[in-house]
Amino acid sequence: MTANRDRARPTFLDLGRDGLPLTAVDIVDMHAHIGPIGFSVPDVTAAGIVSIMGRTGVATTVAAPMPRHSRDDTGLGNRLVTE
């Protein structure tokens, strides 16, 4: 682990750099997007977001539907969020 030797416990940054999930506190991601965006990004499906949450230790994510923002497709955006 890359933790600073002067500290008894690693910081969040240390854990992240080592690819370890944050488990000491409940992490809330307040800015996520779900659905097709129109350019190359990581998996933004519900399953992809949940997978990333598990790997990083995020307990809760607040997601906005991208089709609503990028293509003004409110119906598709609402379906992606509710499914």
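This one's a predicted model, so the numbers in the text were calculated from it and none came from an experiment.

What follows is about the overall build of the protein. When you go through the protein residue by residue, the secondary structure sums to four helices and two strands. Each helix (α) and strand (β) of the protein, taken in turn from the N terminus, gives the series α-β-α-β-α-α. Residues counted as buried form 23% of the 83 residues belonging to the protein. For the protein, restricting intrachain contacts to residue pairs at least 6 apart in sequence, the fraction spanning at least 24 positions comes to 54%. Within the structure as shown, the protein displays about 5900 Å² of accessible surface, and the carbon and sulfur contribution to it stands at 57%.

Buried within helix α2 (residues 46-56) we find Gly48, Ile49 and Met53. The arc that holds the buried residues of α2, viewed along the axis, is 140°, so those residues lie on one side. Residues of α2 that are exposed and point more than 90 degrees away from the buried face comprise Ala47, Val50, Gly54 and Arg55. If you follow the buried residues of α2, they end up packed against β1 (27-34) and β2 (58-65).

Across six bridges, β1 lies against β2 in parallel orientation. Bridge pairing in β2 links Ile27 to Val58.

Here the focus is the nonpolar core. Counting seven residues, the largest nonpolar core consists of Leu15, Leu22, Ile27, Ile34, Ile49, Met53 and Val58. Listing elements by their share of this core, those giving two or more residues are β1 and α2.

Looking now at a nonpolar patch on the surface. Taken together, the side chains of Val28, Met30 and Val62 define a hydrophobic patch exposed on the protein surface, amounting to about 280 Å² of accessible area. Checked against the element boundaries, Val62 lands in strand β2.

Inspection of the secondary structure assignment puts Asp14 in helix α1 (residues 12-17). When its relative accessible area of 6% is taken as the criterion, Asp14 is described as buried. At 2.9 Å, the side chain of Asp14 and the backbone nitrogen of Thr11 are in polar contact.

Calculation rules
- Residues numbered from 1 in each chain as written.
- Predicted model: local features only at pLDDT ≥ 70, side-chain atom pairs only at ≥ 80, totals over all residues.
- Heavy atoms only, no water.
- Helix = DSSP H or I, 4+ residues; strand = E, 2+ residues; numbered from the N terminus.
- Buried < 20%, exposed > 50% of the residue type's maximum accessible area, 1.4 Å probe, protein only.
- Contact = heavy atoms within 4.5 Å.
- Areas by Shrake-Rupley, 256 points an atom, 1.4 Å probe, with all protein chains shown as cover.
- Arc of directions from axis to C-beta.
- Pairing = 2+ DSSP bridges.
- Core = buried A, V, L, I, M, F, W, Y, C linked by side-chain atoms within 4.5 Å.
- Patch = residues over 30% accessible without salt bridge, like charges linked within 9 Å, V, L, I, M, F, W, Y side chains within 5 Å.
- Salt bridge = Lys/Arg side-chain N within 4 Å of Asp/Glu carboxyl O.
- Polar contact = N/O pair within 3.5 Å; in protein donor to acceptor, adjacent residues only side chain to side chain.

Everything listed here is a matter of coordinates, which is why it stays silent on function.
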